[in-house]
Amino acid sequence: MSRARDPARRLFHPSVQDSERACFEAGIALAVAYHYLLGAPIPKSREARRMLERGLSEALAMQPFREKVEVRIAPPPKRRGIYSYPYITPQNFTVRVVVKYGGCRVFSTLRWSRKLRYPLMLIDGVERG
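Residues numbered from 1 in each chain as written. Predicted model: local features only at pLDDT ≥ 70, side-chain atom pairs only at ≥ 80, totals over all residues. Heavy atoms only, no water.

Caption draft 1: How the structure looks around the overall build of the protein. A count of helices and strands for the protein gives two helices and four strands. Secondary structure of the protein in N-to-C order comes out as α-α-β-β-β-β. Seen through its C-alpha atoms, the protein measures out along the principal axes to roughly 55 × 30 × 25 Å. Counting only residues that meet the buried cut, the protein has 33% of its 129 residues in that class. When the accessible surface of the protein is totalled, it reaches about 8600 Å², and 55% of it is carbon and sulfur. For the protein, the separation between the mean place of its 24 positive charges and that of its 11 negative charges on side chains is 8 Å. (Helix = DSSP H or I, 4+ residues; strand = E, 2+ residues; numbered from the N terminus. Buried < 20%, exposed > 50% of the residue type's maximum accessible area, 1.4 Å probe, protein only. Areas by Shrake-Rupley, 256 points an atom, 1.4 Å probe, with all protein chains shown as cover. Lys, Arg positive; Asp, Glu negative; His and termini not counted. Charge placed at Lys NZ, Arg CZ, Asp CG, Glu CD.)

Caption draft 2: Region of the structure containing the sheet that holds strand β2 (residues 93-101). With respect to topology, four strands assemble into an open sheet ordered β1-β2-β3-β4, the strand pairing being antiparallel. The open sheet has two free edges, formed respectively by β1 (66-73) and β4 (118-128), since each of these has just one partner strand. Each adjacent strand pair in this sheet contributes to an overall mean axis angle of 10°, direction not counted. Relative to strand β3 (residues 104-113), β2 runs antiparallel, the two being bridged by seven bridges. Directly across from Y101, in β3, lies its bridge partner C104. Sheet strands touched by helix α1 (residues 18-37): β1, β2, β3 and β4. Its angle to β2, the strand with the most contacts, is close to 150°. (Pairing = 2+ DSSP bridges. Axes fitted to C-alpha atoms, helices over the stretch in contact; angles between N-to-C directions. Contact = heavy atoms within 4.5 Å.)

Caption draft 3: The arrangement of the nonpolar core in detail. Membership of the largest hydrophobic core comes to 23 residues, with the highest contact counts inside it found for L37, V71, I73, F93, V95 and V97. At the level of elements, α1, α2 (46-60), β1, β2 and β3 are the ones that each hand at least two residues to this core. A total of seven residues in this core trace back to one element, the largest contributor, which is α1. (Core = buried A, V, L, I, M, F, W, Y, C linked by side-chain atoms within 4.5 Å.)

Caption draft 4: Inspection of α2 at higher detail. Its 15 residues give α2 an end-to-end C-alpha distance of 21 Å, which sits within 8% of 21 Å, the value for a rise of 1.5 Å per residue. For α2, the set of buried residues is R49, E53, L56, S57 and L60. Mapping the buried residues of α2 onto a view down its axis gives an arc of 100°, with all of them on the same face. Exposed residues lying more than 90 degrees from the buried face of α2 are E47 and E58. On its buried face, α2 is in contact with α1 and β1. (Expected span 1.5 Å × (residues − 1). Arc of directions from axis to C-beta.)

Caption draft 5: Region of interest: the environment of L30. When you line up the elements, L30 lands in helix α1. Here L30 falls in the buried class, since its relative accessible area comes to 2%. Sequence separation of L30 and V99 is 69 residues, and the distance between their C-alpha atoms is 11 Å.

Caption draft 6: Structural view of the pattern of salt bridges. In this structure the tally under the stated criterion is eight salt bridges. Among the salt bridges present, the one from R50 reaches E53, with a minimum N-O distance of 2.8 Å. Of the two residues, R50 and E53 both sit in helix α2, three residues apart, roughly one turn of that helix. Its relative accessible area of 23% is what places R50 among the partly exposed residues. Close ionic contact of E127 with R105 constitutes a salt bridge, the shortest N to O distance being 3.4 Å. Of this pair, E127 sits in strand β4 while R105 is found in strand β3, placing the two residues 22 residues apart along the sequence. Look at the salt bridges and you will find they share partners, linking D6, R21, E25 and R66 into a network. (Salt bridge = Lys/Arg side-chain N within 4 Å of Asp/Glu carboxyl O.)

These figures come from the coordinates and say nothing about function on their own.
Now the structure itself:
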């Protein structure tokens, strides 16, 4: 959907630029991915993990203005007992999102920062025009 056909456009302050709106949309996409993924069990086979990544990427790409979504999940750690199973935590997944709004494209990433011990949502780049 183009900016011109965006029915929510009129609800934003008129001074909001395409790049700002694209960054806003990228933040929404990364936050949704973060909360959607946490706690989901991690399949032990690489093939099943890739299927989960593809399915999640496709589902998250359904949001407006998402041009590309890529989810990557790290291999699961060893099980430590019958009731222990690997699940997604902020430390074991990465999400990349490309948002296109109007004449602007924003590249963003959600990844764990070991240094900060925090899941960072970053703007990696902005293309205008």
